[in-house]
Amino acid sequence: MVTSPPKPSQELSAGKTTALKENILTPRFYTTDFETAAKMDLSAQDTELQAMLAEMRADYNRHHFVRDEAFNDSWDHLTGEDRQAFINYLERSCVSEFSGFLLFKELSRKLKDRSPLLSEMFNLMARDEARHAGFLNKAMGDFGCTMDLGYLTKNRVYTFFPIEWVIYTVYLSEKIGYWRYIIIYRHLEKHPENQFYPLFRYFESWCQDENRHGDIFKALLRSQPKLWQTWQSRLWSRFFLLTVFATHTLTVHERTGFYNVLGLDATEFDAEVIRKTNETAARAFPSVLDTEHPEFFDRLHRSSDLNLQMSQIDASSQPKWLKALRKLPLQLSIFGHLLRIYLLKGVDAEALKGTVR
């Protein structure tokens, strides 16, 4: 990991670190079925995977994530809710990158003697994720706090995902990450007055890593016919798209303060990221969501409003049992909105491949 150990005065306490993550929207740590991963037949995408492995070995960004003198400035001008919104953004982003590092590193280790190509590929992706997490952790240090990543490794609960689910979700995570970074980067190119911290100047290199990782997982997905040639794969594709998009919408609207500081409208940013990611996913998935349906964003926004109401309930001083009781109808309403979105007719992505759009 390319980060020096934090000073004791900067460390987040274990209690605060744990409390930070006990939220359905925060990034999870994952494990998977390594035996099934080792047995995957990759021959259908061997040429693509070999080409991407060569790119990963080249490590085009190896000199790009180096902090320059701009980070030596004082950030005391960022105060109050704006400062906390940015710290929350850094925290969740750091945990997300570190989660990817742990999963990729373990996959690399477990596949070393069974699938050398995949093992090296995951090792190189773990390198990138570690670089990102370390860079974000140093950025947090500029604001007086850092994540205790060693503590997280040992104490975070790991969620089991079948390797098929890992392929779907990591592909989407990397591609939505690409669109988030590049949209922010291009916006700040046009509006440099909103670039309040030098981290954003690195987002172009950052999104290149995200895009490469996503392309690797696209090749893994297309190497497995059951992930894109079956009726089940159509249902799973739309399911994972919906879960990623719903999480994105709810999270973005929880951080409107951060996007306001950047000069971005949170709702417009969210919609653009979702539309672009859905279009990109159509190149890999057999079916995608109809983001142009009038109910699509309407129901996502209603879900976001309900989530904000739950946050207000959580922030109250009421007993836990009463909070849970008050949140239950809101949770059921969110589930209902998301179910209605899922039941909308999907877009046949396979039929669109090879067409000009």
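Refer to the preceding data block for the structure.
To keep things clear, this report deals only with the structure shown in the data block. Positions within a chain are numbered from 1, following the residues in the order the chain's sequence is written. Local features in this predicted model are restricted to residues of pLDDT 70 or higher, and side-chain atom pairs are both shown and tallied only at a pLDDT of 80 or more, whereas totals for entire chains, interfaces and linings draw on every residue. The basis for the side-chain values is all heavy atoms of the structure; hydrogens and waters are excluded.

1. Digging into the pattern of salt bridges
Phase 1 of the analysis: Within this document, salt bridges are pairs made up of a side-chain nitrogen of Lys or Arg and a carboxyl oxygen of Asp or Glu, the two lying within 4 Å of each other. Here the structure, examined in full by the defined rule, presents 23 salt bridges.
Phase 2 of the analysis: Between R299 and E295 there is a salt bridge, with the nearest N and O atoms lying 2.8 Å from each other. You can see R299 and its partner E295 sitting in helix 12 (residues 294-315), four residues apart, about one turn around the helix.
Phase 3 of the analysis: Any residue under 20% of the maximum accessible area for its type is buried, any over 50% is exposed, and the rest in between are partly exposed; the area is computed with a 1.4 Å probe on protein chains only. On the basis of relative accessibility, which here comes to 12%, the residue R299 falls in the buried class.
Phase 4 of the analysis: In this structure E295 comes out as partly exposed when scored by relative accessible area, which is 25%.
Phase 5 of the analysis: Overlapping salt bridges bring together D59, R127, D128 and R131 as one network. Going along the chain from the N terminus, every DSSP run of H or I of four or more residues is numbered as a helix, and every run of E of two or more is numbered as a strand.

2. Details of the nonpolar core
Phase 1 of the analysis: Nonpolar cores were defined as sets of buried Ala, Val, Leu, Ile, Met, Phe, Trp, Tyr and Cys residues, with membership established by side-chain atoms within 4.5 Å. Among the nonpolar cores identified, the biggest contains 107 residues, and F86, Y197, F200, F217 and F285 are the most heavily contacted of them.
Phase 2 of the analysis: Residue contributions to this core peak at 16 residues, all from helix 7 (residues 163-190).
Phase 3 of the analysis: Only heavy atoms enter the contact rule, under which two residues are in contact if any of them lie within 4.5 Å. Setting aside residues no more than four positions away along its own chain, F86 makes contact with L78, F143, F196, Y197, L199, F200 and F258.
Phase 4 of the analysis: Membership of the second largest hydrophobic core comes to five residues, among which are M310, I313, L330 and I334.

On their own, these measurements won't tell you what the molecule is for.
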